Amino acid sequence: MSGGVTETTFVGRHAETEQVTRLVRRARLVTLTGPGGVGKTRLAHRVAEMIGAETPGGFRIVDLSSLTDPHELSRTVAAVLGPAPGDESLPPVPEALAARLDPRGSLLVLDTCEHLAEPVARLTVALLGAAPRLRVLATSRRPLGPPGEHVYPVPPMRTEDAVALLRDRAAIGPTPASFPAPGLNPDSGPGSDSGPGSGSGPGQDQGLGPGSSQGTGSTPDPDGLAALCERLDRIPLAVELAAVRLRAASPAFSPALLARSLDDRYAVLTGGNGPVRHQSMRAAMGRSHELCGPAERLLWARLSVFPAGFDLEAAERVCAGGPLPAGTVLDALTGLADQSLVRREEHPAGARLRMLDTVREFGAEWLLRLGETGDLRGRHRDHYLRLAGRCAAEWPERQVEWAGRMRAERHNLRAALDLCLADPARSRAGAALAGSLWFLWICCGLPDEGRHCLDAALRMYAEPGPERFRVLWARSWVALRQGDPQTAGRLLDLLRAEDREGHATGHAFQIEGLIALVRREFVRAARLFGRAADGRATGGAEGLGGVEGPGGRGGGMSPEPPACHALAALSLLAAGRAGEAAETLARDRRPRDDPGGEWSHAQTEYALAWIERIGNRGRTAARHARTALAGAWRLGDPLLTAACLELVAWTATTPPGAAGNAEAEAAGGRVAAGLLGAAQAARDSRGARAAGWPVDAMIRRWAAAEAVRVLGGAGFDTRFTEGMAFDLAFAVDYALGEKNP
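Our subject in this report is the structure included herewith. (Residues numbered from 1 in each chain as written. Predicted model: local features only at pLDDT ≥ 70, side-chain atom pairs only at ≥ 80, totals over all residues. Heavy atoms only, no water.)

**A look at the sheet that holds strand β2 (residues 59–63)**
Sheet architecture is open: 5 strands sit in the order β2-β3-β4-β1-β5, paired in parallel fashion. What marks the edges here is a single partner per strand, and that holds for β2 and β5 (150–153). Direction aside, neighbouring strands of the sheet carry axes that sit 20 degrees apart on average. Looking at chain direction, β2 and strand β3 (residues 106–111) are connected through 5 bridges and run parallel. Residue I61 lies in a different strand from β3, and its bridge partner there is V109. (Pairing = 2+ DSSP bridges. Helix = DSSP H or I, 4+ residues; strand = E, 2+ residues; numbered from the N terminus. Axes fitted to C-alpha atoms, helices over the stretch in contact; angles between N-to-C directions.)

Right, here's the structure in full:
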């Protein structure tokens, strides 16, 4: 056996070890790929130990990292396999190498093959042909390419594994019991112990109303190790080099301080004692850089302007130019992907590409050396301004599509906004961009991101006008969705003081209506929403401005703010005026005419379900409730989705005195309790605040009361607790009748 891995404990990687072991058992050639330092070699060694224990000929590991002459490849392999039977003077051709292997079966590990990919591929094919019971496990930063190769991209470690590795190497101590269990996604499960009997269960008036927004959930990380590992991209080599720093530093040097120093990670992550390529992250990335062609290196540098994922269109528009013509970007991008420097990810908005921060920051250094940083950032900004303009123009007809796409691009949009606001000459375009994304902040569950962007726009662009008015309106709504009516009221006063010609009259009435709704002034709120819907007639004929990009102004925003009729109807329902609510909805226009689109339609369906439920038309109510839920889920607003889950729960119950049998009532009660638990978990995991409009709290109380009446307190608590363990996506499928728990 030959190898270059320092003998230390193997930490984590249980899922990956199991997956690769299964793959090697059924495939004769498996290649582990991934960027430098991701742990390919260690994983290969671990799998070799497991497979070797069940293979008659055991395993042999050939370290090719220091081999530079492809003509010496056969001799290097022969030296590891040992003396040949019979005449050792035979040249180490594949047949002679095969003769050195146990005919009953062996595993050969070829480690670090990327710089010799083609000769290794040829030798591997020949060896597999000459030794029918041989299996080969290779590690390489890119696939070898022969027929029959099974490629396994080695991912970064899971967070809990990375933390365990950091603790082991830095001798920090055991992982605290509060650290999340393996596989727990803090965005899809309960984030607290609240529930029936805890003081924050469904009977408590604590939730936000339909369309309410998410807060920021948190995962226990008392010592900052998880955050540090995330900053390190969970790359094992980076984690081990960070452990070196933590061991060597003074006791006052904390993981949080180290995480903050990673803005210059290549100066910090040094000091490893393994092979040269693993003694620093710069050496690991430098080896990959050497393997790239000129076009790939240039593209790598230019792609560093994307702070997160990107699509092919963005890569071509932002990065093409000079020695990298547009027609060559795709080939260079493919080369980077083959070398595990760019990763493809499936996203609801379509295929996306991204680089790990460790890879991206290496490219950023080279971009700075090339003197192109300013130019590429400008191209990036202009591309996303144009994209936002297209979104504004096409929003009325393609709302779900654009909502998904712009959510995926939010980090790039944030970078474009920051660059605009840093330049006084472009601050107006920045304000227009922040305001044009109102649907992300209000309709798609991203209020925290919206608060940052809108506050930045208000600070940097103080000129009264349509762009600033829309920012003030959107920021007011975000404040209300985050339980801050005082800030909303202050911003409303500022909007009215600046809007002397009444361009945003309808939007101002809407914010005033939302404040009234929060204060439970339901009839007044309904009246204000009605006036907001008539904003065009009260002086808002020009509406609010659109995005101004290099190609001119994009589509404007309707003079009428979104969801006015639905909000008016919900206010009337909360006031006990169901007849007036139905009349209000009857006057509503088709969803595509409302700037809120799918989101407004979901809230209209929410109100219709309420009307039908109190009218004892259970089936019709359930149909409207499910339609509301499906619309909320398509747009991706997690807490509007939670509110709709509670609505479906209410429609699943049988009103007191209604005809029905005990078995059907019990089944409805179980459905209701489970969905109430799932909705509570969704709220808790996102840190939902107690303040907000109270509409959904009423629905939640009624649904819980009906379920408790049918199931009894203990039965309700049991089912509610089971529902809190539902993943939100599963809960939606369950509510829509597509899955059963």
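After presenting the structure, the write-up continues.
**A look at the packing of aromatic side chains**
Enumeration over the complete set of coordinates arrives at 15 aromatic pairs. Residues F730 and Y734 carry aromatic rings whose centres are separated by 6.5 Å and whose planes lie at 20 degrees to one another, so their mutual orientation is stacked. Linking F730 with Y734, this pair stays in helix α33 (residues 728–735), spanning 4 residues, or about one helical turn. Three or more aromatic residues joined by ring pairs make a cluster, and in this case those are W395, W438, F439, W473, W477 and W599. Just above the ring of W366 sits the side chain of R369; from NZ or CZ to the centre is 4.6 Å. (Phe/Tyr/Trp six-rings, centres within 6.5 Å; stacked < 30°, edge-to-face > 60°. Lys NZ or Arg CZ within 6 Å of the ring centre and 35° of its normal.)

**Things to note about the nonpolar core**
Soluble globular proteins tend to pack their nonpolar side chains together in the buried interior. Within the largest apolar cluster, 174 residues are counted, with the highest numbers of intra-cluster contacts made by L303, M406, F439, Y606 and W610. One finds L73, L110, L123 and L127 within the second-largest nonpolar core, a separate group that totals 27 residues. (Core = buried A, V, L, I, M, F, W, Y, C linked by side-chain atoms within 4.5 Å. Buried < 20%, exposed > 50% of the residue type's maximum accessible area, 1.4 Å probe, protein only.)

**Digging into the pattern of salt bridges**
Evaluated as defined, the whole model comprises 50 salt bridges. A salt bridge links R700 to D696; its shortest N-O distance comes to 3.4 Å. In this pair, R700 and D696 both sit in helix α32 (residues 695–724), 4 residues apart, roughly one turn of the helix. Note on R700: relative accessible area 1%, which makes it buried. According to the relative accessible area criterion, D696 is buried, its value standing at 0%. Among the charged side chains, a salt-bridge network with shared partners connects D233, R265, D357, R360 and E361. (Salt bridge = Lys/Arg side-chain N within 4 Å of Asp/Glu carboxyl O.)

**Side note on the environment of P83**
As for its placement among the helices and strands, P83 is situated in the loop between α3 (73–81) and α4 (94–99). The class for P83 is exposed, based on a relative accessible area of 63%. Residues P83 and A99, 16 residues apart in the sequence, show an inter-C-alpha distance of 9.8 Å.

**Here's the deal with the pairing of strand β4 (residues 134–140)**
With 6 of its 7 residues buried, β4 lies for the most part within the structure. Examined bridge by bridge, strand β1 (residues 29–33) and β4 share 5 bridges and lie parallel to one another. The partner of T33 across the bridge, within β4, is S140. Bridge count for β3 against β4 is 5 bridges, and the pairing is parallel. Counted as the bridge partner of V109 is L137 from β4.

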